[in-house]
Structure formats: structure tokens, C-alpha cells
Amino acid sequence: MASLVSSPFTLSNSKIERLSSVSQKRYLLHSFLPKKPTKSSSRKFKCTAIGNGLFTQTTQEVRRIVPDNLRGLPTVKVVYVVLEAQYQSSVTAAVQTLNKNGEFASFQVVGYLVEELRDANTYKTFCEDLEDANIFIGSLIFVEELALKVKSAVEKERDRLDAVLVFPSMPEVMRLNKLGSFSMSQLGQSKSPFFQLFKKNKKSSAGFADSMLKLVRTLPKVLKYLPSDKAQDARLYILSLQFWLGGSPDNLVNFLKMISGSYVPALKGVKIEYSDPVLYLDTGVWHPLAPCMYDDVKEYLNWYATRRDTNEKLKSANAPVVGLVLQRSHIVTGDESHYVAVIMELEARGAKVIPIFAGGLDFSGPVERYFIDPITKEPMVNSVVSLTGFALVGGPARQDHPRAVEALMKLNVPYLVAVPLVFQTTEEWLNSTLGVHPIQVALQVALPELDGGMEPIVFSGRDPRTGKSHALHRRVEQLCTRAIKWGELKRKPKTDKKLAITVFSFPPDKGNVGTAAYLNVFASIYSVLKDLKADGYNVEGLPETAEALIEDIIHDKEAQFNSPNLNVAYKMGVREYQSLTTYADALEENWGKPPGNLNSDGENLLVYGKRYGNIFIGVQPTFGYEGDPMRLLFSKSASPHHGFAAYYSYVEKIFEADAVLHFGTHGSLEFMPGKQVGMSDACFPDSLIGNIPNVYYYAANNPSEATIAKRRSYANTISYLTPPAENAGLYKGLKQLGELIASYQSLKDSGRGPQIVSSIISTARQCNLDKDVDLPDDGAEISAKERDSVVGKVYSKIMEIESRLLPCGLHVIGEPPSAMEAIATLVNIAALDRPEEGISALPSILAQTVGRDIEDVYRGSDKGVLKDVELLRQITEASRGAVTAFVEKTVNKKGQVVDVSDKLTSFLGFGVNEPWIQYLSTTKFYGADRQKLRVSFKFLGDCLKLVVADNELGSLKQALEGKYVEPGPGGDPIRNPKVLPTGKNIHALDPQAIPTTAALQSAKVVVDRLLERQKADNGGKYPETVALVLWGTDNIKTYGESLAQVMWMIGVRPVADGLGRVNKVEIVSLEELGRPRVDVVVNCSGVFRDLFINQMNLLDRAVKMVAELDEPVEQNFVRKHALEQAKELGVEVRDAASRIFSNASGSYSSNVNLAVENSSWNDEKQLQDMYLSRKSFAFDSDAPGAGMTEKRKIFEMALSTAEATFQNLDSSEISLTDVSHYFDSDPTNLVQNLRKDGKKPNAYIADTTTANAQVRTLSETVRLDARTKLLNPKWYEGMLSSGYEGVREIEKRLTNTVGWSATSGQVDNWVYEEANSTFIKDEDMLNRLMSTNPNSFRKLLQTFLEANGRGYWETSEENIERLRQLYSEVEDKIEGIDR
């Protein structure tokens, strides 16, 4: 591993002489890992857990000091627990000084890092150390499960201990404080101003630490003059805090003297002199070579200009300026060598540095004070790097993101947050496949992202012996180069700026160039380039239209004969490739010697794309193994191939891009192998992106994959809108059914009732609704009541189809929807109750008007009760009508939204003038509650403004100009309108905040419905095991609903701590549960694993807890199966109860999707083997540091007990056939093969896309999907209006349908038959598809033929013959086009 770290770092003597004495002693950094010059090992990752399987193997013994010579003096024993190790060297130095002087006592000290207390043996030693301790000190203990361990250990000894000092930590630990008569046991309850300070301060969360600092400054002076002991004890507590925050060895010597002299009984009466704390500035500017800390940035810059050790270039006004944000505790404790290294590296690269620090946890004030010119209000820096790793406001405790964003918006420069290793030593991090410790990811990666922080590059490690930080030089180089590059974007003139726009091609085929979710890629690129051109960028030779742009890139103009190639922008010889690509050797293990056969002509590597002036549009190569079934079976993903590496070497080193713009969701770079978060230079995404600032357009509804792009390819992710949703509507036979039902309702009591019903039954059969509704035989006599029931059920089904939301067409960047296009979205926003904001759902308000509860109406309609289906239709129509009336009043003649708030004020409160009241007065809902409606429409007014706002182009230009892009959550705009407007730097959420209480409520409803449905389909028996999937995006959108479903199945509930973070669960009793505990097999997507590893830990702990309950096995299926499996495998019950599975770290998906999309599979067994080999890695909460460990046998045994498989759909934009992820994770056929009885499990899909949550079977959902999308003219015409991309979207839906046939066998024959009639038998349609995108049309024909060949579609021989004939025609046509 030595190759990951550069050689020892030293300075020339002249520099050393000028180093201030304080930093000189500690500055010569060493190379800290043993040299192993084996070349091949540099990219191999160890997967095994070391030692105790936890994240850190360091122990307290390196922090234990036992005095040699007691000299008959009393012994004072001190035990301390801290979050980070920076106090270790200071405390050690202080104790050694005291023992050397040995005046009044001998000091014995031992320190623990809070993370070490996870280990059972370490915790036992900790408890033993407390038994004979005099003084306990704790600081920054914010991890709940560990805070509770500290609390229970210290509580037992608290009365006996002479002093307990806890500095800012969780309230439970703060309450342990005790100094004489001073205590905090009443923390948060007492009236005194001191305690008020500790109360949850809602306004400013970091205010807590800051008010504490102010208090620390003033209180000792006041308290000195108060006579009571109580006041003196409080004064000494505050002085202690000053000493501790002062952190230097001298301060800590005096601190220990003061506390032992005042509180240790053996030293009573001994006069111990101590000095007052040496106070450092709370905030200021610090530089290792400066004579002092500066309170004024102007003074600092004056000193900088007089430095004799720098060259003139660094002093010139043109030098780039980088601001650094540092933690004061590292500076005062002398643990600052990693900061020094970053400052020196930046200066060596020609950048001026302004390093600021703060003693509290709120850095927003110092950022504004030291980085913004007070007179011009312009930033004095080009980019800012925080080296604290914490959120800007609030550190590890409570964050105040809005305050942080406000400060960073004022500053308006790129904001990078690098990561110092806290819980692991350097070697532990290097050996870990996970990378950075999950708790650290939550605190120091996820939380800064909410501030708009990017680039979580690990820049410093920790020495296991001294606990000191040291720079990781390769990483520091990467961080500094990237920080300067982001800053350069602010300084470089637009005409000179080079931009590489990168598009994707999935699966690899010319018909697929420019794939991105919901995005019309080429029309969007065209719109972006026109805008950049107008803005002064050099876009020479841009074609006249988007279509011409596609032609330019897709066709090699110089090829004289059939060319399957795209336009070649550059040919890179092997030698050039090897000299430009430092990691080329590492790719040979998977791909052999370059150039290989991907993106190559046999001699050179080919870069596909086209250049326009300073803009290069390039096609990112694909993974390269899509078409190789053997490679798809590997449990770990292969490295990038030579062509992939050559593409990025070209962009960075030959084209010399100032920035790369990845266009749309999503490419492969961020999914390449390497650590999950906090990569080393041996991780492929880090090597590929190199030093290029990365801007990435990402769909707003996909925050989870956007977060992977942000963390693994260092992207500034800018959100784009998904196309406006519309209701699916009815067409052909379904429309006819709607008309028949309407006439039945008006004529059912006349003699024509039975006749209409028989027409309804036969039409329903023609529409294949007999699979979803029990229809009586044709001509059977049925009673009036049964007639109502049949019509009700058919009506309910077609209303479900009609009201289904679907995104129509594809989005074009910079073209927001018009107000009228936004109506369906607003109707759905209005359909949800938002109790936390006091907003009632519109359908609920309308149902109350006629004396009904909307939930009852939903239930009745689901059952097909005719009057309820009709009432629900009326409510739905009235909601649409009221919202439409409102929107029409807010737009001008051109259909643009004018100032909504003015319009709202003009009619709010005038009752009759309110457009929604005018509309409702013509319906049966005229008596609706006006106040509730007003609240609801005021909210909709705000949402409307957000839906039509447009900042996608604006944000891109800000990013390219080196400005700050405002962060915002990603997710479903209907559930969370805060996702809008788009054009924000997308972030996920605090991973420790889920599942929320509301998510648990929704989860209970779904789980209860699922179990009821399975009971009904399974002879009244509960399922013993359910196999289900956890997705990253779904859990972000729903705040953890599917996570909570798993908990509710096994019968546990999440418990939040005092800071609202969920890190533990409690058992729900069998009485409360009212049913047996259901066993689960959880398949976590690779993205979920990366984002929510803490939650995987929580689930694994929960399952093991349930497996060990002393309960009858017929009431606890988890225990039942774990006992059976433990016995068969000869392991402990805890090991057998592994149920939380995913891919190996750094790998994603089961590859079933790649095999299906590329037709590179032989039979279903091969697909099942891919699933088993790639998805059988378990997470073990007993050894979380081991990452994902392969446990295939347990995985197979657990799956073989499954009686149901289950997935969730949570938003209208993505359904089962829209993306390949869903069938890629479906184990239905696999479970059937693993079960001893060979019985196929029932497959269910929960649909929570509307307020009326449903659990359907998989086959019902596939049919609903086919009817509302693939076969629906509204959908496919919407797609075809996008031209080239639209044909591909149609082909993709058919391919994904074949995927479902392959993994579950749940697709009806008629779906393929109808698709064939719609797209192939209709000559006009066929010609449109063929001429618009012949490559995708060829793939469509191939998919039909494949569905037939694999036995999924039985059809007439003439249909097959026609498809074959068309296939050879289109082959000829393609060759003709290219000729």
C-alpha cells in the first residue's frame, strides 16, 4: 500500500528557520506506512475484518500513563473520553510535566476515543478504570449508542468520583457533571440563565456553542464576587471549560492542578498554585509561519505581503486565493500538521491562502467576516475549503443549514468540505472497502452536503500511537489542485473557458447515444450551447438545429463505407495513452494490454465526439462487460477498460477542459470500483475524474444516485425537472367501457340494465380486464345487486387507469412547464394531507362536505362498491376543476404565470370571488369548508410559483463561473414541493434522521395490507418470510417508509435520541403486534448501502435481537428459521440470522438488467446465478468494520423460506417498466427454484404514489403499467414528440417488460400482442419509428423476436415472419444511411 502515499515531506532549511517556534517542532511530516514495493498490490483491497471486526483497532493503552516514581505522593487518576484524538498529545504532555515536577501528587491518566467503546473488552476496561478514578472528563460525545454506554458506566461511579467534567455533549451525558455543589442533573429544566443556555435552542442550533463561549468569557469575572460555594463551583466549571478549549499542554497542566487541588480529598489543605487560562482568539486568521493569530484579515494580508520566504508570484494581485476553514482545537493542541501541509501545498501551487478558525461550532460568522471585503461586499477568495469536515454551523451537534446557506450565498464561491479521518487510523481506512466510517459519513459527509458542500476528499490520517493527525500527501495534492481549479473558473474569461459535455449511451448502441432519465438530451444540449454562446463562450460551428447536432455526433462523416462508429474526435496511440494515464497498468488485470477491443481500432484508442470551438461533446464509453455473460457473473465489478480511461485522459490532458458537464441521469464513472465514500488514489472514480471540476445535470427525483455522483465523482449536481405529469386518461376499448358505465348508471333501473352489463362484461374481456376483475360467464343470469358489484369493480379498475399519473414526453433544460401543464402535478400535491403544516388534503375537505371520510371512500372504491367509485370520481373531478379554475386566474393570455401572490391576495377572503369557490358552487360540494380551502390554495399558490420557476441554465452558468450553487433536497415534488424550483445542488438527507414517525405510520398501513392480501391468497396463513428490496431514492423521498416496513414486519420500532437521530430500536410485544413476527430477506441496492449503512447496521441489530427473543417459534418466524439454519450450518443463532444483504462494496446491481438489455444471457438459471453471486454479501452489525461479507449459503437458505416477494413504488414518474432496476432486484423465479417444494412465491408491489396506498400483485402492476404507458397513445405520442429519444424510450419499456418475464414470469401474453399491434401492425407508426431512430427500432424488433424465442410471447407465425422481414429491411437501411 506504500504506493498510495508519497515520499517523506521536508522543507528546505531556509524555510525551516523562518517557521515560528510553535509549529517548527511538529512540522517535519513523516511517511507513516511501511514500504512494500509490490507494484501489483496497489489496487487490491483487503476485504477481511481485522481484529475485532470494528472500524478501529486502536485501544486506550496508547493513552495510558502510569507514573514510574510515586515518591510517596498521593495518586490522582484521571479517565477521559473524547470524540477525536487531537487532545491525546496535549494531555500526555501535561501529565508528563506534572509527574516530572512531582510537587504534590502523581498523576495516572487513561484516555478513550468514544468509538473504541463499541468493543466489549475495551468497554469492560473502561468500567474497571472508572472504579478507582478520581476525575472523569468527557467531550463532544454525540453518538447516542456510545453516549448511553458512557452514561451507564459513569453513573455507577458518579457519587464516588471527586469530580465529573463533561464539556459539550448530548444532554444525557452533560447531566453527569459534578463539581462540589455544582451539578447539571436538572439540565434543560431549571430556570437559571446557565441552564437556559443548554435548552434546545430552536432558533439557532449552533447558537448553543456560541452562547456558551460568550458565557465562558464573562461568567468567571462575575462569579468571582459571589460569596456562595455554589457560585465558586460554577466558576471553576467555567474555568475548566476555558482551560479545555485552550487545549495547550500549559493550559491542561493548570486545569489538572486546579481540579485536583480543589476536589481531590487527599490534597485538601495542600496549597496548589495554578495560573489563569491562556486565552486564544475565539475566531481569527492563523498561519503556521505568522508571528501570531490575527483578528483582522487586513492585518493578516499586510503580514502576508511582507513575507520573505515566498516568491513574487504568490504576492501578486493575480494569484488565486483559497480560503481555508480550520478547527481551533487542532491549532491550540498543536495537532495541526495536516493543516500546515494543505497550506504549504496550496502555496507551492501558487495560491494565496487565508486560513480562518473558530473555537465554537458556528463558522458562518467568521466566513462572512474574513472572506468578504467589508467595503465592496465582494469575496476576497476564489474558493473555500473546510478542513473541519463538519457542517458550517453546528458541528456534530445540532446543525442550522439555512444559516449556513445564507452565509455561503453571500460569499458565492465554490465550497469544498474535505474529510479528516476521525474514527479510523490511516491504515484502517486504506484497508477498508467501505472507506470512511459510517458515523463519520453521517456527520462529516452527509451534513455538509446539506450546506452545499462538495468533494469529500480524505486529506489527513491519524497515527495509531500518538493519535496525531498527519497529511496524506497524494490526497492533499488532489484536494489542493481541485480547489484551485474550481477557483480558476471564477477568474478565467468565458471566451477562453473550455467545457467538455459528456453524454451517455446505455446499452451501447448508436440508437442510444444521449440516454438520460426523462431528458431530451440533444435538445437540452442545444439549448445550453445557444445560451452559453449568447453569454460569451466560444461555440464555433454550432449547427442550426438539435437534429443536425445529433447527426454530427452520431455519424462519422469521413467514413466512405458502412461505419458502425460515432464521429471520432481523437485517436490516441498506446504510448501516448500510457504516458497520460498513470493508472493504465492497473486496468490490465481485467482487460489485458491496451488498446484492447473496446473504443479502439486495433492500434489506437478512439475518443468519440465532436468539437465546437471551446466546447467538446463526447460520448462516455460504457462499462464494457454488458455483452459478456461470464463477466456479468463476477461478484465484484470490473475496473474501467482502457477506452474508458482514455476518454477522461483526453478530456483532462489533451482537450484541457476547465470543467466537465455530465449530461443527465446517469453515467458509469461514479459506479466504478473503489471505496464507497472517502476514496483513496487507488479508487477508479478518483483516478478517472482527475483534477477536472465536475458539473452534473441530475434528475431532481433521484437524490440517491445524485449523492453517489457527488461523493464518488466529486460532482456539483444540478437538478433538472422531470416532465410535467398528466393523467393517463382512457383510450380505445377502455374509453368505450367508461361510456357504457356512464349509461348503466343512468339506465340501470330501466329494462336496459342487464343488456348494458353484458356489453360491459364483453368489452372488459376484450380489454383483458378479466385478469384483474372476476367477470361472470357471458350470458349468465345475474341479480341486480351482482350487476352493481360487477360494474363497480370494472369501474374502479378503469378509474385507477384513468387517474394514474405519467410524465408525458421528455424535459428540455431551460424549458419549465407552463401553468396549464402543471395542473395535474398541483392536483396531486393537493391530494396529500400535510398535518405538520396544518394543510388538509383537498379530496378530504370535499368528502367531509358530503359527510364521508375520504379513507372510507378509498376503501369502498377499492372493493368496487359502485356508489363509492362514483363518489370518488366526482371528488377527483371536483379537485381537478377547482385547481384548474385557480390556475386559469393566475395566468396571462400567453399562459405564463403572473405574480401569484398578488393574484391570491386580490381574491383571498372575498369568498365568492375565490375561483375555487365559484367552481365548487356548481357541484355537490358547494358547502366545503372555506377556511380549509383557503389554506390549501395558498399553499398551492406557492407550489405553482415553484413549478414554473426556471433556474436550470442559470445554475449551470453559476457553477461554470465558479460561483456557489444553492443546495436543495432531491425527491418527489408531489410529496415534497421543497424540491422545487430545480437548478439546485441536490442533496439527500441526514441518514440518521430516518425513519420518521410519519414514515412508520404509513409503513404499518402498507405492511398490514400486504399481510392481509397474502393471507387471503394463501389459505388464511401469514407468510413466514417476505423477500424485499430497499432502494436509496425511495427512502429519501418517503423519509424511510420501506425501512420502517422491514421493522414492522419483524415487530420492532425505531427510537429517536435527544437530537432526533434514529440509532436504536425497541421490541414491539406480540400482544401489541397481534400477529407472528414475519421473517425478512432484505436486498439493499448498492446505492442504499452507500447512503444508509447506519440503517443497515440498525436493521441487522434488530433482526438479531428478534432472533434471540425467548418466544414460541410459531409466533416468531425469524427465530424459527434462524434456529433451523444455525443447526444445519453449525453456527451461532446470531450468525444464522443474517438477513441484510447487498452487493460487495464498490459494486452495484445484480447485472441481470445489463444481461437483459444487451440480450447477453442464455437461460433464466444464468440470470439467477448472477443475482446470487452479486447480491449475497451480508452486513454484520457485530463486525461493522468488515464491510460487506459474502454469505451465499445463508442467503440461499433464507430466500428458500420466502413465500412472498415485495417491492415499493413511491412516485408517479418511475414505475416497474420505466427503469431496469426493479426487475434487476426481483427474486421471484429464483425463490421458486430455491424452495424445496418448488412453489412460486406470491409477488406483490406496494404503490404509495397517491394518497390511496395500494398493495397489488406484480402481474396486476405490470398490466396497469402496460395500459397506462406502453399501450397508451397519450404516453407514446408524448414520447414521439421528442423525436430520436422518444423511439428509444418506447423500446426501453418493451425490453424492461421482457426483463419481468425473465425474472418473474408475471407478464401476460396479451401485453406483447397489443404492443405488436400498436407499433408493428400500424404501418404509419412503423414508418415513423423506422425513420426517426432506425437503431432503436431495430432493437425493438429484436426484443419482440427475443420475447417469442424465449417462450414469453406466443403469437402467429405470420407476425414472426413480418418481424424477421422488417429486421433485415432495417439492417439494410442502417447500412445505407451510413454508406
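Residues numbered from 1 in each chain as written. Predicted model: local features only at pLDDT ≥ 70, side-chain atom pairs only at ≥ 80, totals over all residues. Heavy atoms only, no water.

J.: Got a sec to walk through the packing of aromatic side chains? Specific residues and values, please.
T.: Overall, the coordinates contain 38 aromatic pairs when judged by the stated rule. Aromatic pair tryptophan 1031 and tyrosine 1222: ring centres 5.6 Å apart, planes at 80 degrees, arrangement edge-to-face. Residue tryptophan 1031 is located in the loop between strand E26 (1025-1030) and helix H40 (1032-1037), and its partner tyrosine 1222 is located in helix H50 (residues 1221-1224); the two are separated by 191 residues in the primary sequence. Taken as a pair, tryptophan 1031 and tyrosine 1222 share a single burial class, namely buried. Among the aromatic side chains, those forming a connected cluster through ring pairs are Tyr87, Phe167, Phe182, Tyr237, Phe243, Trp244 and Phe255. A cation over an aromatic ring shows up here: lysine 675 above the ring of tryptophan 429, its NZ or CZ 5.7 Å from the ring centre. (Phe/Tyr/Trp six-rings, centres within 6.5 Å; stacked < 30°, edge-to-face > 60°. Helix = DSSP H or I, 4+ residues; strand = E, 2+ residues; numbered from the N terminus. Buried < 20%, exposed > 50% of the residue type's maximum accessible area, 1.4 Å probe, protein only. Lys NZ or Arg CZ within 6 Å of the ring centre and 35° of its normal.)

J.: Can you explain the nonpolar core? Please cite residues and give values.
T.: Soluble globular proteins tend to pack their nonpolar side chains together in the buried interior. Ranked by size, the top nonpolar core spans 284 residues in total, and within it Leu324, Leu387, Ile525, Phe663, Tyr697, Phe1319 and Ile1320 carry the most contacts. With eight residues, helix H44 (residues 1093-1107) is the single largest residue contributor to this core. If near-sequence neighbours (up to four positions away) are discounted, phenylalanine 1319 is found in contact with Leu1270, Tyr1276, Ile1290, Met1325, Leu1326, Leu1329 and Leu1340. Ala94, Leu113, Leu176 and Leu239 belong to the second largest nonpolar core, which has 79 residues in total. (Core = buried A, V, L, I, M, F, W, Y, C linked by side-chain atoms within 4.5 Å. Contact = heavy atoms within 4.5 Å.)

J.: Explain the sheet that holds strand E2 (residues 106-113) to me, using residue names and the numbers behind them.
T.: With respect to topology, six strands assemble into an open sheet ordered E2-E1-E3-E4-E5-E6, the strand pairing being mixed. Each edge of the open sheet carries a strand with a single partner, namely E2 and strand E6 (182-183). Pairing between strand E3 (residues 135-139) and strand E4 (residues 163-166): four bridges, direction parallel. Paired with glycine 138 across the bridge in E4 is valine 166. Here helix H3 (residues 87-101) sits on the sheet in contact with strand E1 (75-82) and E2, set at roughly 170 degrees to E2. (Pairing = 2+ DSSP bridges. Axes fitted to C-alpha atoms, helices over the stretch in contact; angles between N-to-C directions.)

J.: How would you explain the pattern of salt bridges if you had to name every residue and give the values?
T.: One pass over the full model with this rule turns up 75 salt bridges. Between glutamate 961 and lysine 963 there is a salt bridge whose closest N-O contact spans 3.2 Å. Judged by relative accessible area, which is 28%, lysine 963 ranks as partly exposed. Connected via shared salt-bridge partners are Glu61, Arg64, Lys77, Asp129 and Asp132. (Salt bridge = Lys/Arg side-chain N within 4 Å of Asp/Glu carboxyl O.)

J.: Talk me through the packing of helix H53 (residues 1273-1280) against helix H54 (residues 1284-1304); I want residue IDs and the actual numbers.
T.: The geometry of H53 relative to H54 is characterised by a closest axis approach of 7 Å and an angle of 135 degrees between their N-to-C directions. Considered as vectors, H53 and H54 are oriented oblique to each other. Facing Trp1275, Tyr1276, Met1279 and Leu1280 of H53, the residues of H54 in contact are Gly1286, Val1287, Glu1289, Ile1290 and Arg1293. Classifying every residue of the contact of H53 with H54 by side-chain character gives six nonpolar, one polar and two charged. (Parallel < 35°, antiparallel > 145°, perpendicular 65-115°, else oblique. Nonpolar A, V, L, I, M, F, W, Y, C, P; charged D, E, K, R; others polar.)

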